[in-house]
Amino acid sequence: MAKKKAKAEKEDGKVCGTDIISQLHPNIVIDILSRLPFNTLFSCRCVCKTWLHLLVDPSFAHLYHTRAEPCIILQPTNKNRQQHLYAVHFDNRNYLRNSIVKFATKTHLGMGCNVKISLLDSCNGLILLGEMYRYQVKLDRLYVCNPITGEFVIVRPGINLKSSPVCPCLGFCPKTQVYKVVLLSKKKHVAEVSNNMVTLVYTLGEKGNGLWKSVTVGDALLHQPRNTTFLNGIIHWAVRSPTVPQFIYSFDVEDECFRSVPPPPEFLSPDQPTWSKWGINLGVLEGCLAIVERDKDVSWCFHIWVMKEYGVQASWTKTYTMDFTMEKLAPLFPVSQILGSCRNGDILFSHQGRNLVSFNPVNPSFKVHRIKKLCNFLIHPYIPNLSSLRDIARGEPLFNATEMIQTEGGDKHASDKE
(Lines give C-alpha, C1' and ligand atoms only; values in the text may rest on other atoms or scores of the structure.)
Protein backbone atom coordinates (compact mmCIF):
# COMPACT_ATOMS: atom_id res chain seq x y z
CA MET A 1 0.00 0.00 0.00
CA ALA A 2 2.81 2.36 0.94
CA LYS A 3 4.60 1.58 -2.31
CA LYS A 4 1.48 2.33 -4.38
CA LYS A 5 0.99 5.65 -2.56
CA ALA A 6 4.62 6.68 -3.18
CA LYS A 7 4.27 5.72 -6.84
CA ALA A 8 1.09 7.78 -7.18
CA GLU A 9 2.70 10.82 -5.56
CA LYS A 10 5.66 10.49 -7.92
CA GLU A 11 3.38 10.31 -10.96
CA ASP A 12 1.41 13.36 -9.74
CA GLY A 13 4.53 15.44 -10.16
CA LYS A 14 4.84 14.52 -13.82
CA VAL A 15 2.96 15.45 -16.96
CA CYS A 16 3.01 12.79 -19.67
CA GLY A 17 6.17 11.30 -18.22
CA THR A 18 7.95 14.65 -17.93
CA ASP A 19 8.45 16.60 -14.70
CA ILE A 20 6.40 19.79 -14.34
CA ILE A 21 9.42 22.11 -14.12
CA SER A 22 10.63 21.04 -17.54
CA GLN A 23 7.25 22.12 -18.94
CA LEU A 24 7.79 25.71 -17.86
CA HIS A 25 8.83 28.29 -20.42
CA PRO A 26 12.63 28.87 -20.30
CA ASN A 27 12.05 32.55 -19.44
CA ILE A 28 10.09 31.54 -16.33
CA VAL A 29 12.84 29.10 -15.29
CA ILE A 30 15.46 31.82 -15.79
CA ASP A 31 13.42 34.26 -13.71
CA ILE A 32 13.15 31.71 -10.88
CA LEU A 33 16.82 30.76 -10.97
CA SER A 34 17.92 34.41 -11.02
CA ARG A 35 16.26 34.96 -7.62
CA LEU A 36 18.01 32.09 -5.83
CA PRO A 37 20.81 32.64 -3.32
CA PHE A 38 24.27 31.78 -4.57
CA ASN A 39 24.77 28.57 -2.58
CA THR A 40 21.50 27.18 -3.98
CA LEU A 41 22.28 28.36 -7.51
CA PHE A 42 25.71 26.75 -7.26
CA SER A 43 24.01 23.38 -6.72
CA CYS A 44 21.51 23.94 -9.52
CA ARG A 45 24.27 23.55 -12.10
CA CYS A 46 24.23 19.81 -11.40
CA VAL A 47 20.45 19.26 -11.78
CA CYS A 48 20.43 18.81 -15.55
CA LYS A 49 22.16 19.95 -18.73
CA THR A 50 19.30 22.30 -19.59
CA TRP A 51 19.75 24.26 -16.37
CA LEU A 52 23.51 24.25 -16.77
CA HIS A 53 23.22 25.77 -20.25
CA LEU A 54 20.84 28.43 -18.91
CA LEU A 55 23.14 29.31 -16.03
CA VAL A 56 26.30 29.72 -18.12
CA ASP A 57 24.60 31.90 -20.72
CA PRO A 58 26.03 35.47 -20.60
CA SER A 59 22.52 36.97 -20.57
CA PHE A 60 21.69 35.04 -17.39
CA ALA A 61 24.94 36.21 -15.80
CA HIS A 62 23.93 39.81 -16.51
CA LEU A 63 20.43 39.27 -15.07
CA TYR A 64 21.77 37.54 -11.97
CA HIS A 65 24.28 40.34 -11.46
CA THR A 66 21.43 42.86 -11.23
CA ARG A 67 19.46 40.75 -8.74
CA ALA A 68 22.07 38.90 -6.69
CA GLU A 69 22.61 39.84 -3.10
CA PRO A 70 26.25 40.85 -2.54
CA CYS A 71 28.44 38.23 -0.97
CA ILE A 72 32.17 38.02 -0.35
CA ILE A 73 35.06 35.91 -1.54
CA LEU A 74 37.94 35.11 0.77
CA GLN A 75 41.25 33.28 0.83
CA PRO A 76 42.67 32.01 4.14
CA THR A 77 46.23 33.15 4.82
CA ASN A 78 47.29 30.21 6.99
CA LYS A 79 49.55 27.75 5.14
CA ASN A 80 47.22 24.76 5.42
CA ARG A 81 44.30 26.48 3.71
CA GLN A 82 45.71 29.29 1.59
CA GLN A 83 45.15 27.32 -1.61
CA HIS A 84 41.37 27.41 -1.08
CA LEU A 85 38.78 30.02 -2.03
CA TYR A 86 35.41 30.47 -0.32
CA ALA A 87 32.29 32.47 -1.14
CA VAL A 88 30.10 33.59 1.76
CA HIS A 89 26.63 35.11 1.73
CA PHE A 90 24.13 35.84 4.48
CA ASP A 91 20.52 34.73 4.70
CA ASN A 92 17.58 36.91 5.74
CA ARG A 93 18.37 36.35 9.40
CA ASN A 94 22.01 37.26 8.85
CA TYR A 95 23.30 33.75 9.55
CA LEU A 96 26.30 32.05 7.99
CA ARG A 97 24.97 28.52 8.38
CA ASN A 98 24.79 26.70 5.02
CA SER A 99 25.93 29.92 3.33
CA ILE A 100 29.59 29.08 2.66
CA VAL A 101 30.67 27.67 -0.70
CA LYS A 102 34.11 26.18 -1.12
CA PHE A 103 35.24 26.51 -4.73
CA ALA A 104 36.81 23.57 -6.50
CA THR A 105 39.24 26.06 -8.04
CA LYS A 106 42.47 26.26 -6.01
CA THR A 107 44.57 29.43 -5.89
CA HIS A 108 47.60 27.60 -7.26
CA LEU A 109 45.46 27.03 -10.41
CA GLY A 110 46.62 23.46 -10.76
CA MET A 111 50.31 24.37 -11.03
CA GLY A 112 51.24 22.62 -7.79
CA CYS A 113 50.79 23.35 -4.12
CA ASN A 114 54.23 24.98 -3.94
CA VAL A 115 52.98 27.89 -6.06
CA LYS A 116 51.83 30.57 -3.60
CA ILE A 117 49.27 32.81 -5.27
CA SER A 118 47.21 35.45 -3.46
CA LEU A 119 43.79 36.94 -4.01
CA LEU A 120 44.41 40.53 -5.14
CA ASP A 121 41.05 41.87 -6.31
CA SER A 122 37.53 40.93 -7.42
CA CYS A 123 35.19 42.47 -9.97
CA ASN A 124 31.82 41.24 -11.27
CA GLY A 125 32.54 37.62 -10.42
CA LEU A 126 36.09 37.48 -11.77
CA ILE A 127 39.13 37.56 -9.50
CA LEU A 128 42.69 38.80 -9.95
CA LEU A 129 45.41 36.54 -8.58
CA GLY A 130 49.16 37.07 -8.29
CA GLU A 131 52.29 35.87 -6.58
CA MET A 132 53.58 37.85 -3.61
CA TYR A 133 57.21 38.35 -2.60
CA ARG A 134 57.99 40.19 0.65
CA TYR A 135 54.54 41.81 0.64
CA GLN A 136 54.98 43.01 -2.95
CA VAL A 137 53.28 41.69 -6.07
CA LYS A 138 55.46 39.87 -8.57
CA LEU A 139 54.57 41.46 -11.88
CA ASP A 140 55.97 38.82 -14.19
CA ARG A 141 52.68 36.92 -14.11
CA LEU A 142 49.13 37.79 -13.06
CA TYR A 143 45.99 35.71 -13.46
CA VAL A 144 42.35 36.57 -14.14
CA CYS A 145 40.10 33.71 -13.10
CA ASN A 146 36.46 32.76 -12.77
CA PRO A 147 36.49 30.60 -9.62
CA ILE A 148 33.12 29.02 -10.47
CA THR A 149 34.15 27.61 -13.86
CA GLY A 150 37.85 27.21 -12.99
CA GLU A 151 38.85 29.02 -16.19
CA PHE A 152 41.69 31.54 -16.14
CA VAL A 153 43.94 33.57 -18.41
CA ILE A 154 47.57 34.53 -17.80
CA VAL A 155 48.38 38.23 -17.98
CA ARG A 156 52.01 39.24 -18.37
CA PRO A 157 53.33 42.82 -18.42
CA GLY A 158 54.79 43.71 -21.81
CA ILE A 159 57.95 45.15 -20.23
CA ASN A 160 60.40 43.74 -17.75
CA LEU A 161 59.03 44.68 -14.34
CA LYS A 162 60.35 43.16 -11.17
CA SER A 163 58.51 43.10 -7.84
CA SER A 164 57.26 46.62 -7.28
CA PRO A 165 54.99 48.38 -4.77
CA VAL A 166 52.03 48.59 -7.12
CA CYS A 167 48.32 48.31 -6.42
CA PRO A 168 46.86 45.73 -8.86
CA CYS A 169 43.18 46.22 -9.69
CA LEU A 170 40.57 44.51 -11.83
CA GLY A 171 37.94 46.71 -13.45
CA PHE A 172 34.98 46.44 -15.81
CA CYS A 173 33.77 48.83 -18.51
CA PRO A 174 29.95 49.00 -18.53
CA LYS A 175 29.74 50.50 -22.03
CA THR A 176 32.18 48.28 -23.92
CA GLN A 177 31.62 45.23 -21.67
CA VAL A 178 35.34 44.49 -21.30
CA TYR A 179 37.53 43.81 -18.28
CA LYS A 180 40.85 45.51 -17.63
CA VAL A 181 43.79 44.83 -15.33
CA VAL A 182 45.17 48.09 -13.92
CA LEU A 183 48.54 48.45 -12.16
CA LEU A 184 48.62 51.65 -10.06
CA SER A 185 52.01 52.81 -8.77
CA LYS A 186 52.99 55.92 -6.88
CA LYS A 187 54.80 58.71 -8.68
CA LYS A 188 58.15 58.43 -6.95
CA HIS A 189 58.69 55.04 -8.62
CA VAL A 190 58.66 56.54 -12.12
CA ALA A 191 62.41 56.11 -12.47
CA GLU A 192 62.06 52.37 -11.93
CA VAL A 193 59.93 51.89 -15.02
CA SER A 194 61.13 52.49 -18.56
CA ASN A 195 59.54 55.33 -20.56
CA ASN A 196 58.10 56.79 -17.36
CA MET A 197 55.19 54.32 -17.47
CA VAL A 198 53.68 54.46 -14.00
CA THR A 199 50.17 53.14 -14.56
CA LEU A 200 49.73 50.19 -16.90
CA VAL A 201 46.42 48.95 -18.32
CA TYR A 202 45.73 45.60 -19.95
CA THR A 203 42.41 44.99 -21.74
CA LEU A 204 41.27 41.38 -21.75
CA GLY A 205 40.20 39.89 -25.05
CA GLU A 206 40.52 40.85 -28.68
CA LYS A 207 40.03 44.58 -28.06
CA GLY A 208 43.26 44.73 -26.08
CA ASN A 209 45.35 42.99 -28.76
CA GLY A 210 47.36 41.37 -25.98
CA LEU A 211 49.23 44.63 -25.28
CA TRP A 212 49.77 46.80 -22.20
CA LYS A 213 49.03 50.51 -22.43
CA SER A 214 50.69 53.26 -20.41
CA VAL A 215 48.55 56.02 -18.88
CA THR A 216 49.74 59.51 -18.05
CA VAL A 217 49.63 60.17 -14.33
CA GLY A 218 49.32 63.53 -12.60
CA ASP A 219 49.19 64.15 -8.87
CA ALA A 220 46.58 61.48 -8.33
CA LEU A 221 49.21 58.88 -7.50
CA LEU A 222 51.58 60.86 -5.33
CA HIS A 223 50.84 58.29 -2.64
CA GLN A 224 50.45 54.56 -3.03
CA PRO A 225 46.83 53.32 -3.03
CA ARG A 226 46.23 50.55 -0.54
CA ASN A 227 42.55 49.63 -0.61
CA THR A 228 40.53 50.40 -3.71
CA THR A 229 36.78 50.46 -4.25
CA PHE A 230 35.13 49.71 -7.59
CA LEU A 231 31.85 51.41 -8.47
CA ASN A 232 30.13 52.01 -11.82
CA GLY A 233 33.22 51.36 -13.90
CA ILE A 234 35.49 53.51 -11.73
CA ILE A 235 38.26 52.53 -9.29
CA HIS A 236 38.40 54.75 -6.16
CA TRP A 237 40.95 55.18 -3.39
CA ALA A 238 41.86 57.63 -0.64
CA VAL A 239 45.08 59.68 -0.63
CA ARG A 240 46.03 60.08 3.00
CA SER A 241 48.48 62.96 2.66
CA PRO A 242 47.58 65.94 4.92
CA THR A 243 48.62 68.31 2.11
CA VAL A 244 46.03 66.96 -0.35
CA PRO A 245 42.57 68.49 0.30
CA GLN A 246 40.77 66.56 -2.47
CA PHE A 247 41.81 63.22 -1.03
CA ILE A 248 39.43 60.90 -2.94
CA TYR A 249 40.83 59.97 -6.33
CA SER A 250 39.55 57.72 -9.07
CA PHE A 251 40.53 55.98 -12.29
CA ASP A 252 37.85 55.60 -14.93
CA VAL A 253 38.39 52.15 -16.43
CA GLU A 254 36.45 53.10 -19.56
CA ASP A 255 38.28 56.27 -20.67
CA GLU A 256 41.45 55.56 -18.61
CA CYS A 257 41.55 58.99 -16.98
CA PHE A 258 42.36 60.04 -13.42
CA ARG A 259 39.95 62.35 -11.60
CA SER A 260 39.33 63.60 -8.08
CA VAL A 261 36.01 63.03 -6.32
CA PRO A 262 34.78 65.86 -4.04
CA PRO A 263 34.76 64.76 -0.37
CA PRO A 264 32.17 65.90 2.17
CA PRO A 265 32.50 69.67 2.81
CA GLU A 266 33.15 68.92 6.49
CA PHE A 267 36.42 67.21 5.53
CA LEU A 268 37.69 70.47 4.04
CA SER A 269 37.07 72.41 7.22
CA PRO A 270 40.13 73.93 8.98
CA ASP A 271 38.93 72.14 12.12
CA GLN A 272 39.45 68.77 10.50
CA PRO A 273 42.70 67.30 11.96
CA THR A 274 45.39 66.42 9.44
CA TRP A 275 45.79 62.90 10.82
CA SER A 276 42.09 62.08 10.28
CA LYS A 277 42.67 60.89 6.72
CA TRP A 278 44.54 57.92 8.13
CA GLY A 279 41.33 56.91 9.87
CA ILE A 280 39.14 56.66 6.77
CA ASN A 281 38.40 54.11 4.10
CA LEU A 282 36.07 53.81 1.13
CA GLY A 283 33.37 51.32 0.25
CA VAL A 284 30.05 50.89 -1.51
CA LEU A 285 26.64 50.90 0.19
CA GLU A 286 23.43 50.35 -1.79
CA GLY A 287 25.14 51.38 -5.01
CA CYS A 288 26.61 54.59 -3.57
CA LEU A 289 30.17 55.57 -2.71
CA ALA A 290 30.69 55.55 1.06
CA ILE A 291 33.33 56.72 3.55
CA VAL A 292 34.06 55.19 6.94
CA GLU A 293 35.61 57.87 9.16
CA ARG A 294 37.13 57.42 12.58
CA ASP A 295 35.79 59.97 15.06
CA LYS A 296 38.36 62.69 15.78
CA ASP A 297 37.56 62.73 19.52
CA VAL A 298 36.34 59.20 20.34
CA SER A 299 38.67 56.54 18.97
CA TRP A 300 36.14 53.70 19.24
CA CYS A 301 33.46 55.47 17.19
CA PHE A 302 33.20 55.57 13.41
CA HIS A 303 30.94 57.56 11.11
CA ILE A 304 29.64 56.38 7.75
CA TRP A 305 29.12 58.96 5.00
CA VAL A 306 27.21 58.14 1.80
CA MET A 307 27.35 60.06 -1.48
CA LYS A 308 23.71 59.90 -2.53
CA GLU A 309 24.36 61.36 -5.99
CA TYR A 310 27.72 60.44 -7.48
CA GLY A 311 30.03 63.39 -8.09
CA VAL A 312 27.81 65.89 -6.24
CA GLN A 313 29.59 67.14 -3.13
CA ALA A 314 26.41 68.42 -1.49
CA SER A 315 24.89 64.94 -1.59
CA TRP A 316 27.30 63.56 1.02
CA THR A 317 25.30 62.58 4.11
CA LYS A 318 26.46 61.26 7.47
CA THR A 319 24.11 58.32 7.75
CA TYR A 320 25.35 56.12 10.62
CA THR A 321 27.61 56.14 13.66
CA MET A 322 29.17 52.91 14.94
CA ASP A 323 30.20 52.63 18.59
CA PHE A 324 32.44 49.60 19.09
CA THR A 325 32.10 49.66 22.88
CA MET A 326 28.57 48.27 22.48
CA GLU A 327 29.89 44.77 21.78
CA LYS A 328 33.29 45.18 23.42
CA LEU A 329 35.02 44.92 20.07
CA ALA A 330 38.59 46.06 19.69
CA PRO A 331 38.70 49.39 17.78
CA LEU A 332 39.55 49.14 14.12
CA PHE A 333 42.60 51.09 13.10
CA PRO A 334 42.99 51.55 10.28
CA VAL A 335 39.29 51.05 9.68
CA SER A 336 38.46 48.12 7.45
CA GLN A 337 36.86 48.48 4.06
CA ILE A 338 33.08 48.17 3.82
CA LEU A 339 32.15 44.90 2.13
CA GLY A 340 28.50 45.71 1.40
CA SER A 341 25.02 45.27 2.82
CA CYS A 342 23.40 42.08 4.08
CA ARG A 343 19.90 41.03 3.03
CA ASN A 344 18.40 42.41 6.23
CA GLY A 345 20.04 45.83 5.76
CA ASP A 346 23.02 45.25 8.07
CA ILE A 347 26.37 46.72 6.98
CA LEU A 348 29.14 44.15 6.60
CA PHE A 349 32.87 44.73 7.07
CA SER A 350 35.88 42.74 8.19
CA HIS A 351 37.34 42.99 11.67
CA GLN A 352 41.16 42.96 11.83
CA GLY A 353 41.30 40.37 9.02
CA ARG A 354 40.01 37.66 11.36
CA ASN A 355 36.24 37.97 11.61
CA LEU A 356 33.33 39.39 9.71
CA VAL A 357 31.26 41.95 11.57
CA SER A 358 27.80 43.20 10.67
CA PHE A 359 26.34 46.44 12.01
CA ASN A 360 22.60 46.89 12.42
CA PRO A 361 21.87 50.60 11.77
CA VAL A 362 18.20 50.38 12.83
CA ASN A 363 18.82 49.03 16.33
CA PRO A 364 22.49 49.95 16.65
CA SER A 365 24.29 46.70 17.43
CA PHE A 366 27.05 44.46 16.14
CA LYS A 367 27.22 40.79 15.31
CA VAL A 368 30.52 38.95 14.96
CA HIS A 369 30.53 36.17 12.36
CA ARG A 370 33.30 33.68 12.95
CA ILE A 371 33.95 31.39 10.03
CA LYS A 372 34.78 27.90 11.25
CA LYS A 373 38.46 26.94 10.82
CA LEU A 374 39.23 30.23 9.05
CA CYS A 375 41.15 32.58 11.31
CA ASN A 376 42.90 35.04 8.99
CA PHE A 377 41.98 35.80 5.42
CA LEU A 378 42.16 38.09 2.40
CA ILE A 379 38.68 39.29 1.53
CA HIS A 380 36.85 41.18 -1.22
CA PRO A 381 33.24 41.91 -2.20
CA TYR A 382 31.99 39.35 -4.70
CA ILE A 383 29.08 38.84 -7.10
CA PRO A 384 28.85 35.34 -8.65
CA ASN A 385 29.32 35.10 -12.41
CA LEU A 386 28.60 31.81 -14.15
CA SER A 387 29.71 32.99 -17.59
CA SER A 388 32.59 31.33 -19.36
CA LEU A 389 35.83 33.26 -19.79
CA ARG A 390 35.69 32.08 -23.38
CA ASP A 391 33.01 34.73 -23.94
CA ILE A 392 34.43 37.37 -21.58
CA ALA A 393 38.06 37.23 -22.76
CA ARG A 394 37.59 36.07 -26.31
CA GLY A 395 40.91 35.66 -28.10
CA GLU A 396 42.97 35.05 -24.96
CA PRO A 397 44.66 31.66 -24.41
CA LEU A 398 42.32 29.97 -21.97
CA PHE A 399 43.23 27.47 -19.25
CA ASN A 400 41.28 25.47 -16.72
CA ALA A 401 42.55 25.19 -13.15
CA THR A 402 41.05 21.73 -12.70
CA GLU A 403 42.36 20.28 -15.97
CA MET A 404 45.40 22.50 -16.58
CA ILE A 405 44.87 22.11 -20.32
CA GLN A 406 44.93 25.08 -22.63
CA THR A 407 41.52 25.13 -24.31
CA GLU A 408 42.17 27.73 -26.98
CA GLY A 409 45.11 28.34 -29.26
CA GLY A 410 47.02 25.16 -28.47
CA ASP A 411 47.19 22.19 -26.17
CA LYS A 412 50.08 23.05 -23.86
CA HIS A 413 49.84 22.87 -20.09
CA ALA A 414 49.51 26.31 -18.51
CA SER A 415 52.64 25.80 -16.46
CA ASP A 416 54.59 25.27 -19.67
CA LYS A 417 53.09 28.13 -21.65
CA GLU A 418 55.52 31.01 -21.99
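These numbers come from a predicted model, not from an experiment.

A. Summary view of the sheet that holds strand β13 (residues 212-215). What the 4 strands build is an open sheet, ordered β10-β11-β12-β13; its pairing is antiparallel. At either end of the open sheet lies a strand with only one pairing partner, and these are β10 (166-173) and β13. Adjacent strand axes in the sheet meet at a mean angle of 25°, parallel and antiparallel pairs treated alike. In the sheet, strand β12 (residues 199-203) pairs with β13 via 4 bridges, with the strands oriented antiparallel.

B. Highlighting the pattern of salt bridges. Following the criterion strictly, the structure yields 6 salt bridges and no others. Here Arg 35 and Asp 31 are joined by a salt bridge, their closest N and O atoms 3.2 Å apart. What makes Arg 35 exposed here is its relative accessible area of 54%. Between Asp 252 and Arg 259 there is a salt bridge, and its shortest N-O distance comes to 3.7 Å. You can call Asp 252 buried: its relative accessible area is 15%. One connected set of salt bridges, linked through shared partners, spans Lys 180, Lys 213 and Glu 256.

C. Structural view of the packing of helix α2 (residues 26-33) against helix α5 (residues 58-67). At their nearest, the axes of α2 and α5 sit 10 Å apart, and the two run at 40° to each other. With respect to their mutual orientation, α2 and α5 come out oblique. For the element pair α2 and α5, the recorded crossing hand is right-handed. Across the interface between the two elements, Ile 30, Asp 31 and Leu 33 from α2 touch Phe 60, Leu 63, Tyr 64 and Arg 67 from α5. For the contact of α2 with α5, a count of residues per class yields 5 nonpolar, no polar and 2 charged.

D. Up close: the pairing of β10. Most of β10 is tucked away, with 8 of its 8 residues classed as buried. Side-chain alternation along β10 places Val 166, Pro 168, Leu 170 and Phe 172 on one buried face and Cys 167, Cys 169, Gly 171 and Cys 173 on a second face that is also buried. Sheet analysis places β10 next to strand β11 (residues 178-185), joined by 8 bridges and oriented antiparallel. If you follow Gly 171 over to β11, its bridge partner there is Lys 180. Between β10 and β11, which follow one another and run antiparallel, lie 4 residues, and Gln 177 among them has a positive phi close to 60°.

E. Local environment of unusual backbone geometry. In this structure, Asn 124 takes a positive phi of about 50° despite not being glycine. Tracing the backbone shows Asn 124 in the loop between β6 (117-123) and β7 (126-133).

F. The arrangement of the environment of Lys 308 in detail. Within the secondary structure, Lys 308 is located in the loop between β20 (301-307) and β21 (316-323). Since its relative accessible area comes to 53%, Lys 308 is described here as exposed. Residues Lys 308 and Gly 287 lie 21 residues apart in sequence; the distance between their C-alpha atoms is 9.0 Å. Those residues in contact with Lys 308 that lie beyond four places of it in its chain are Cys 288, Ser 315, Thr 317 and Thr 319.

G. Representation of the confidence of the model for the chain within the structure. Per-residue pLDDT for the chain averages 76, and the proportion of residues at 70 or more is 71%. Per-element confidence in the chain ranges from a low mean pLDDT of 42 for strand β1 (residues 14-15) to a high of 93 for strand β14 (residues 229-231). Counting interchain partners and residues more than four positions distant, the pLDDT-below-50 stretch residues 405-418 has 34 contacts.

H. The nonpolar core, seen in detail. Residues Leu 33, Phe 38, Phe 103, Leu 109, Leu 129, Tyr 143 and Phe 152 are the most contacted members of the largest nonpolar core, which totals 34 residues. The leading source of residues in this core is helix α3 (residues 38-44), at 4 residues. Split by domain, the residues of this core number at least three in each of domain 1 (21-67) and domain 2 (68-394). Excluding residues that lie within four positions of it along the chain, Leu 33 makes contacts with Leu 41, Cys 44, Trp 51, Leu 55, Phe 60 and Tyr 64. Within the second largest apolar cluster, 24 residues are counted, among which are Val 137, Leu 139, Val 153 and Leu 389.

Conventions used here
- Residues numbered from 1 in each chain as written.
- Predicted model: local features only at pLDDT ≥ 70, side-chain atom pairs only at ≥ 80, totals over all residues.
- Heavy atoms only, no water.
- Pairing = 2+ DSSP bridges.
- Helix = DSSP H or I, 4+ residues; strand = E, 2+ residues; numbered from the N terminus.
- Axes fitted to C-alpha atoms, helices over the stretch in contact; angles between N-to-C directions.
- Salt bridge = Lys/Arg side-chain N within 4 Å of Asp/Glu carboxyl O.
- Buried < 20%, exposed > 50% of the residue type's maximum accessible area, 1.4 Å probe, protein only.
- Parallel < 35°, antiparallel > 145°, perpendicular 65-115°, else oblique.
- Left-handed = near helix turned anticlockwise from the far one by under 90°.
- Contact = heavy atoms within 4.5 Å.
- Nonpolar A, V, L, I, M, F, W, Y, C, P; charged D, E, K, R; others polar.
- pLDDT = per-residue confidence, 0-100.
- Core = buried A, V, L, I, M, F, W, Y, C linked by side-chain atoms within 4.5 Å.
- Domains from an automatic or database assignment.

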